[in-house]
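Topology and contacts: notes
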Amino acid sequence: MTNRLAEDLDLAGQVQRLLFPKSSPVCDWNCIGVKNRMDSSLGGDYFDFITMPDNCQIVFIGDVTGHGLHASVIMSLLYGFICRSAMQVCSALDVVRQANRFLQTFAARSQDLDYLFSSTLFFGIIAPDSLELQYVNAGHPAPLVLRGERQMALEPTAPPIGFLDDPEITMNTFRFAKNDRFLLFTDGITDRANPEGELFGLERLKLLLLRERVDHLAFLDRLFAGLNRFSGDDVLRDDCTAIVIDLHGGWGTGENLR
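Parameters at a glance
- Residues numbered from 1 in each chain as written.
- Predicted model: local features only at pLDDT ≥ 70, side-chain atom pairs only at ≥ 80, totals over all residues.
- Heavy atoms only, no water.
- Axes fitted to C-alpha atoms, helices over the stretch in contact; angles between N-to-C directions.
- Helix = DSSP H or I, 4+ residues; strand = E, 2+ residues; numbered from the N terminus.
- Left-handed = near helix turned anticlockwise from the far one by under 90°.
- Contact = heavy atoms within 4.5 Å.
- Nonpolar A, V, L, I, M, F, W, Y, C, P; charged D, E, K, R; others polar.
- Expected span 1.5 Å × (residues − 1).
- Pairing = 2+ DSSP bridges.
- Buried < 20%, exposed > 50% of the residue type's maximum accessible area, 1.4 Å probe, protein only.
- Arc of directions from axis to C-beta.
- Core = buried A, V, L, I, M, F, W, Y, C linked by side-chain atoms within 4.5 Å.
- Salt bridge = Lys/Arg side-chain N within 4 Å of Asp/Glu carboxyl O.
- Patch = residues over 30% accessible without salt bridge, like charges linked within 9 Å, V, L, I, M, F, W, Y side chains within 5 Å.
- Areas by Shrake-Rupley, 256 points an atom, 1.4 Å probe, with all protein chains shown as cover.

A few words on the packing of helix H2 (residues 68-88) against helix H3 (residues 92-107). Close contact between H2 and H3 brings their axes to 10 Å; oriented N to C, the two are set at 145°. Both H2 and H3 take part in a crossing whose hand is right-handed. Side by side, H2 and H3 meet where Ile 74, Leu 77, Leu 78, Phe 81, Ile 82, Ser 85 and Ala 86 of the first sit next to Val 95, Gln 98, Ala 99, Phe 102, Leu 103 and Phe 106 of the second. Here the contact of H2 with H3 is composed, by residue class, of eleven nonpolar, two polar and no charged.

Structure, rendered in structure tokens:
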């Protein structure tokens, strides 16, 4: 790789990282933390959390097909489209349907590369007063909800977007309770391998979620430290992203943290 190309890729990676939000330093009815590492300077994971004017909290996370430069190009297109749609249409179902049609317009231009215009996507909207989540999970690893000693998974409600012209996409609802912890992640977390080829897996992630009862930012640090210990190094072979949302009570209940 020439020095000029390496510099261009590094700059592109820096620009890409500017697209995504950082962990919020302010907590009100929820606290949000995120940690993201790419396996190279550019990657295909994308995510955001957007507070709407009515204080509804949008959160989404996804992973486009493939790795590296081509994945980052498609990711940037899709990420921008979803952000724009989310600000115009306050409906998880409509946003995911629009995102599927958006990818399909590009997939139709090539029979050889059409499969690259596809992605998993979890898109949800949390109402601050009721803590009700409306969500579509389009083929993404099921986010986990920790409530006391119990864990619940929000399983897929649709296939990944971009593959089908008219997929069956359904929206589900879930009502959070005070003190729930909501963990969203990409498959780079559970697919992290050790030198023997064993994957970190969902069960280890669930165990860590149950055991590490620290604040949302410390939890993310311990998660990624645990991944490094398991793999024996900090070399990534896939992008890794995790978002933690701690719910502290409905908006206007007097239980907000400021």
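Here we come to H3. The end-to-end C-alpha separation of H3 is 23 Å, in line with the 22 Å expected for 16 residues at 1.5 Å each. Those residues of H3 that are buried lie in contact with H2, strand E4 (119-126) and strand E5 (132-138).

Okay, the sheet that holds strand E9 (residues 181-185) next. With respect to topology, five strands assemble into an open sheet ordered E1-E10-E9-E6-E7, the strand pairing being antiparallel. What marks the edges here is a single partner per strand, and that holds for strand E1 (30-37) and strand E7 (150-153). Strand-to-strand twist across the sheet, computed as the mean angle between neighbouring axes with direction ignored, equals 15°. Pairing of E1 with strand E10 (residues 240-247), which is carried by eight bridges, proceeds in the antiparallel orientation. Following the sheet pairing, Val 34 is matched in E10 by Ile 243. Set on the sheet, helix H6 (residues 216-231) makes contact with E1, E9 and E10; between it and E1 the angle comes to about 25°.

Here H6 contains 16 residues, and its C-alpha end-to-end distance of 23 Å stays within 8% of the 22 Å for a straight helix at 1.5 Å per residue. Every buried residue of H6 is listed here: His 216, Phe 219, Leu 220, Leu 223, Phe 224, Gly 226, Leu 227, Phe 230 and Ser 231. Buried positions in H6, seen along its axis, are confined to an arc of 155° and lie on one side of it. Lining the buried residues of H6 we find E1, E9, helix H4 (187-190), helix H5 (201-211) and E10. Gly 232 sits one or two residues past H6 and shows a positive phi near 85°.

In this section: the nonpolar core. If you look at the biggest cluster of nonpolar residues, it comprises 59 residues, and the most contacted ones within it are Tyr 46, Phe 60, Phe 123 and Phe 182. For Phe 60, the residues in contact, after removing those within four places along its chain, are Tyr 46, Phe 47, Asp 48, Ile 50, Tyr 79, Ile 82, Cys 83, Leu 121, Phe 122, Phe 123 and Ile 243. Counting residues in each nonpolar core, the second largest holds 19 residues, with Leu 144, Ile 189, Leu 227 and Val 244 among its members.

Pairing is antiparallel in the open sheet, where five strands are placed in the order E2-E3-E4-E5-E8. Taken across any chain shown, the strands that pair with only one partner, and hence form the sheet edges, are strand E2 (45-51) and strand E8 (172-175). Each strand of the sheet is rotated relative to its neighbour by a mean of 15°, with strand direction disregarded. Where strand E3 (residues 57-64) meets E4, eight bridges bridge the pair, whose relative direction is antiparallel. Counterpart to Val 64 in the pairing with E4 is Ser 119. The strands that H2 touches are E2, E3 and E4; relative to E2, the one it contacts most, it runs at about 15°.

Moving on to the pattern of salt bridges. What the rule picks out here adds up to eight salt bridges. The residue Arg 147 makes a salt bridge to Asp 180 at a minimum N-O spacing of 2.8 Å. With a gap of 33 residues between them, Arg 147 in strand E6 (residues 144-147) and Asp 180 in the loop between E8 and E9 connect regions that are remote in the sequence. Under the relative-accessibility criterion, Asp 180 is labelled buried at 1%. Note that Glu 212 is salt-bridged to Arg 211, the shortest N-O span being 3.4 Å. What you see here is one network of salt bridges that share partners, running through Arg 211, Glu 212 and Arg 222.

There is a patch of nonpolar side chains on the surface, built from Leu 69, Val 73 and Leu 77 and spanning about 260 Å² of accessible area. Note on placement: Val 73 falls in helix H2.

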